[in-house]
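# Analysis of the macromolecular model
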Amino acid sequence: QFIENEVYYNQLTANQKEKFKEKLDEYIKGQMVEQIIVFDTSKDLPSSRYYVCKPVFTVNARKAGEYDMLVYDKQDNKHWLFEIKHTSNSCIEQEKHFSNEYFQDVIAEKYGTCGAKCVLYRGENFISNTNALYINMSDFLISVNMNKNMDFALKDLTPVKFDNKCFA
């Protein structure tokens, strides 16, 4: 309702207004889901062993990208990368930052080897052709809460047994 008082919004057609509301709703829900997952993951994993953050990358003082969540295992010098999507659909576009070599190099230098690249979303668990793990976000939060260990949590969630290529 707050946008209905804005001059710009009132100049839009009814169809444009509906699309604007849908996009705004999608954006807000997406941000809320990300914050909830990062908070709950951080709360449920022991801080003595794990560090949870949302890394942001800048190039020439401009934001170049981010991972929605990174979990670092201080004991094993290993990290897991996450994209968090408020959708039940899977698509390769959700993995775009996983293939950025600059991002990967920066993260590897600071957080060791990569345990897995994961997309948390509202769909079924599976491993993509690029070896990214697609994990239902509710299942993920429950597993992290129960296991208090990232390796165990992810192994409980995958539809097939892990092999080394899943962690490449």
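Below you will find a few notes about this structure.

Reading the values: the criteria
- Residues numbered from 1 in each chain as written.
- Predicted model: local features only at pLDDT ≥ 70, side-chain atom pairs only at ≥ 80, totals over all residues.
- Heavy atoms only, no water.
- Helix = DSSP H or I, 4+ residues; strand = E, 2+ residues; numbered from the N terminus.
- Buried < 20%, exposed > 50% of the residue type's maximum accessible area, 1.4 Å probe, protein only.
- Contact = heavy atoms within 4.5 Å.
- Areas by Shrake-Rupley, 256 points an atom, 1.4 Å probe, with all protein chains shown as cover.
- Lys, Arg positive; Asp, Glu negative; His and termini not counted.
- Charge placed at Lys NZ, Arg CZ, Asp CG, Glu CD.
- Arc of directions from axis to C-beta.
- Polar contact = N/O pair within 3.5 Å; in protein donor to acceptor, adjacent residues only side chain to side chain.
- Pairing = 2+ DSSP bridges.
- Axes fitted to C-alpha atoms, helices over the stretch in contact; angles between N-to-C directions.
- Phe/Tyr/Trp six-rings, centres within 6.5 Å; stacked < 30°, edge-to-face > 60°.
- Disulfide = S-S within 2.5 Å.
- Salt bridge = Lys/Arg side-chain N within 4 Å of Asp/Glu carboxyl O.

## Considerations on the overall build of the chain
Across its full length, the chain holds five helices and eight strands. Reading the chain from its N terminus to its C terminus gives the helix and strand order α-α-β-β-β-β-β-α-β-β-β-α-α. Burial analysis of the chain (168 residues in total) assigns 42% to the buried set. Here the contacts in the chain between residues at least 6 apart in sequence split such that 53% fall between residues at least 24 apart. Split by element, the accessible area of the chain, about 10,200 Å² in all, is 50% carbon and sulfur. Across the chain, the mean location of the 21 positive side-chain charges is 1 Å away from that of the 24 negative side-chain charges.

## So, helix α4 (residues 137–147)
Of all the residues in α4, the buried ones are M137, F140, L141, S143 and V144. With its buried residues spanning 165 degrees around the axis, α4 presents them on a single face. Residues of α4 that are buried sit in contact with α2 (14–44), β4 (69–73), β5 (78–84), β6 (113–121), β8 (133–136) and α5 (150–157). Among the residues of α4, the N-terminal cap falls to N136, whose side-chain oxygen and the backbone nitrogen of S138 are separated by 2.9 Å. In the segment just after α4, K148 is the residue with positive phi, at about 60 degrees.

## Looking at the sheet that holds β6
Strand order in the open sheet formed by six strands is β1-β4-β5-β6-β8-β7, and the pairing between neighbours is mixed. Every other strand in the sheet has two partners, leaving β1 (50–53) and β7 (126–127) as the edge strands with one partner each. Here α5 sits on the sheet and contacts β1, β4, β5, β6 and β8; the angle it forms with β5, its principal contact strand, is near 50 degrees.

## Observations concerning the packing of aromatic side chains
This structure, assessed with the given rule, holds 12 aromatic pairs. Geometrically, the ring pair formed by F57 and F103 is stacked, given 4.0 Å between the ring centres and 10 degrees between the ring planes. Separated by 46 residues along the polypeptide, F57 in strand β2 (residues 56–59) and F103 in helix α3 (residues 101–111) bring together distant segments of the chain. Between F82 and F140 the ring centres are 5.2 Å apart and the planes differ by 55 degrees, which places this aromatic pair in the tilted class. On the criterion of sequence distance, the pair formed by F82 in strand β5 and F140 in helix α4 is long-range, its members being 58 residues apart. A residue is classified by how much of its surface remains accessible, and F140, at 0% relative accessible area, is buried.

## Thoughts on the environment of S48
Checked against the element boundaries, S48 lands in the loop between α2 and β1. Each C-alpha atom of the pair S48 and D73 lies 9.4 Å from the other, and the pair is 25 residues apart in sequence.

## Here's the deal with the state of the cysteines
Under the defined criterion, the tally for this structure stands at zero disulfides. Looking at the unpaired C114, the closest cysteine sulfur is the one in C118, lying at 8.0 Å.

## Re the pattern of salt bridges
Counting across every chain of the model gives nine salt bridges. Two residues, D44 and K43, come together in a salt bridge whose shortest N-O distance is 3.0 Å. Each of E34, K54, K63 and E66 takes part in one network of salt bridges that share partners.

## Description of α5
Since the α-helix advances by 3.6 residues per turn, residues separated by three or four positions end up pointing in the same direction. All of the buried residues along α5 are M150, D151, A153, L154 and L157. Projected onto a plane normal to the axis of α5, the buried residues spread over an arc of 165 degrees and lie on a single side. Where α5 is buried, its residues contact β1, β4, β5, β6, β8 and α4. For α5, the N-terminal capping position is held by N149, with its side-chain oxygen 2.9 Å away from the main-chain nitrogen of D151.

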